[in-house]
Amino acid sequence: MASSGNQFGCDISQMDQLSTTFQTTTTKLQEAVEELTGRYQGLNWQGPDSEEFQQQMIQFQDERLVGAYMATMGARRALERTIEYLRVREAFGKPLLANQYLQYNLAELIAEVDLLMVYNREAARRFANGENVTREATIAKLKIGKLARQVADAAVQYHGGMGYAEEYDVSRYFVDAR
């Protein structure tokens, strides 16, 4: 038990030391930040307060486009693998791909992926021409995020229990899409 303890049984003198250490550390950190801020102030990383977020989004537009394109290609490949599987897997004497319900759902997902591919290509063309495509890159990222989860869910379901087996790419895609 501490000599100058309180109801919690801690030594107040130790608390004062921790407080002093914290204040010293905070002061040193603040000084370092001020030094760095002063050193890099001329680089104009940020504009007026109302424009900081927009400037950050402009800097990230190429990464968003690349991410959206890669995720779209992953969704396309997962659908292709699922179709291959449904073509060879038989139930009731026919390939599963002969089921109209599965065909309709796959056609819907393929159409969504194809639309996103066209959208991504147009955004990439505009970006290559030096245009600001922040909005398009953001929309593509949002849309593929939702679509990738839908494709992953469908692919695993259409593979049945084998969709969870590590031998099939759709199980890995399911994990990656989340």
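Residues numbered from 1 in each chain as written. Predicted model: local features only at pLDDT ≥ 70, side-chain atom pairs only at ≥ 80, totals over all residues. Heavy atoms only, no water.

## A short note on the overall build of the protein
Working step 1: When helices and strands are counted, the protein shows six helices and two strands.
Working step 2: Mapped from its N terminus to its C terminus, the protein presents α and β elements in the order α-α-α-β-β-α-α-α.
Working step 3: Taking the contacts inside the protein whose residues are at least 6 apart along the sequence as the reference set, 60% of them involve residues at least 24 apart.
Working step 4: Of the roughly 12,700 Å² of accessible surface on the protein, 56% is carried by carbon and sulfur atoms. (Helix = DSSP H or I, 4+ residues; strand = E, 2+ residues; numbered from the N terminus. Contact = heavy atoms within 4.5 Å. Areas by Shrake-Rupley, 256 points an atom, 1.4 Å probe, with all protein chains shown as cover.)

## What to know about the pattern of salt bridges
Working step 1: Scanning all chains against the criterion turns up seven salt bridges.
Working step 2: With its nearest N and O atoms 2.8 Å apart, the salt bridge here joins glutamate 131 to arginine 126.
Working step 3: Under the relative-accessibility criterion, glutamate 131 is labelled partly exposed at 32%.
Working step 4: One salt-bridge network, in which partners are shared between bridges, spans Arg77, Glu80 and Glu84. (Salt bridge = Lys/Arg side-chain N within 4 Å of Asp/Glu carboxyl O. Buried < 20%, exposed > 50% of the residue type's maximum accessible area, 1.4 Å probe, protein only.)

## Focus: the side chain of arginine 64
Working step 1: Mapped onto the fold, arginine 64 is located in helix H3 (residues 61–88).
Working step 2: It is glutamate 63 that comes nearest to the buried, bridge-free arginine 64 among opposite-charge side chains, at 7.5 Å.
Working step 3: A polar contact of 3.3 Å, which involves the side chain of arginine 64, links it to the side chain of threonine 138. (Lys, Arg positive; Asp, Glu negative; His and termini not counted. Polar contact = N/O pair within 3.5 Å; in protein donor to acceptor, adjacent residues only side chain to side chain.)

## Concerning the packing of H3 against helix H4 (residues 100–128)
Working step 1: Following both chains from N to C, one finds H3 and H4 inclined at 155°, their axes separated by 10 Å at the closest point. Viewed along their axes, H3 and H4 adopt a mutual orientation that is roughly antiparallel. Note on packing geometry: the crossing formed by H3 with H4 is left-handed. (Axes fitted to C-alpha atoms, helices over the stretch in contact; angles between N-to-C directions. Parallel < 35°, antiparallel > 145°, perpendicular 65-115°, else oblique. Left-handed = near helix turned anticlockwise from the far one by under 90°.)

## Overview of the nonpolar core
Working step 1: Grouped together as the largest cluster of nonpolar side chains are 24 residues, with contacts concentrated most on Leu86, Leu106, Val113, Leu147, Val151 and Tyr173.
Working step 2: When contributions to this core are tallied by element, the ones reaching two or more residues are H3, H4, helix H5 (134–159) and helix H6 (169–177).
Working step 3: With eight residues, the top contributor of residues to this core is H5. (Core = buried A, V, L, I, M, F, W, Y, C linked by side-chain atoms within 4.5 Å.)

## Overview of H6
Working step 1: Of all the residues in H6, the buried ones are Val170, Ser171, Tyr173 and Ala177. All buried residues of H6 project into a common sector of 160° when viewed along the axis, lining one side. (Arc of directions from axis to C-beta.)

## Quick word on the confidence of the model for the protein
Working step 1: Mean pLDDT for the protein: 78, with 70% of residues reaching 70 or above.
Working step 2: By mean pLDDT, helix H1 (residues 12–40) is the weakest element of the protein at 53, and H4 is the strongest at 94.
Working step 3: Residue range residues 1–8 is modelled with pLDDT below 50. Its contacts to residues more than four positions away, or to other chains, number ten contacts.
Working step 4: Counting contacts from residues 10–22, a segment whose pLDDT is below 50, to residues more than four positions away or on other chains yields nine contacts. (pLDDT = per-residue confidence, 0-100.)

## A few points about the packing of H3 against H5
Working step 1: It is the contact of H3 with H5, at a shortest axis distance of 8 Å, that shows an interaxial angle of 20°. On the basis of their axis angle, the class for H3 and H5 is roughly parallel. Here the hand of the crossing between H3 and H5 comes out left-handed.
Working step 2: Across the contact of H3 with H5, the residue classes break down as 14 nonpolar, six polar and three charged. (Nonpolar A, V, L, I, M, F, W, Y, C, P; charged D, E, K, R; others polar.)

## A few points about the environment of glycine 67
Working step 1: Position of glycine 67 among the secondary structure elements: in helix H3.
Working step 2: On a C-alpha basis, the gap between glycine 67 and lysine 141 in space is 7.2 Å, while along the polypeptide they are 74 residues apart.

## Remarks on unusual backbone geometry
Of all residues except glycine, most have a negative phi; of all peptide bonds, most are trans.
Working step 1: If you check the backbone angles, phenylalanine 92 has positive phi at about 60° while not being a glycine.
Working step 2: Within the fold, phenylalanine 92 resides in the loop between strand S1 (90–91) and strand S2 (94–95).
Working step 3: Phenylalanine 92 sits in the exposed class, given a relative accessible area of 86%.

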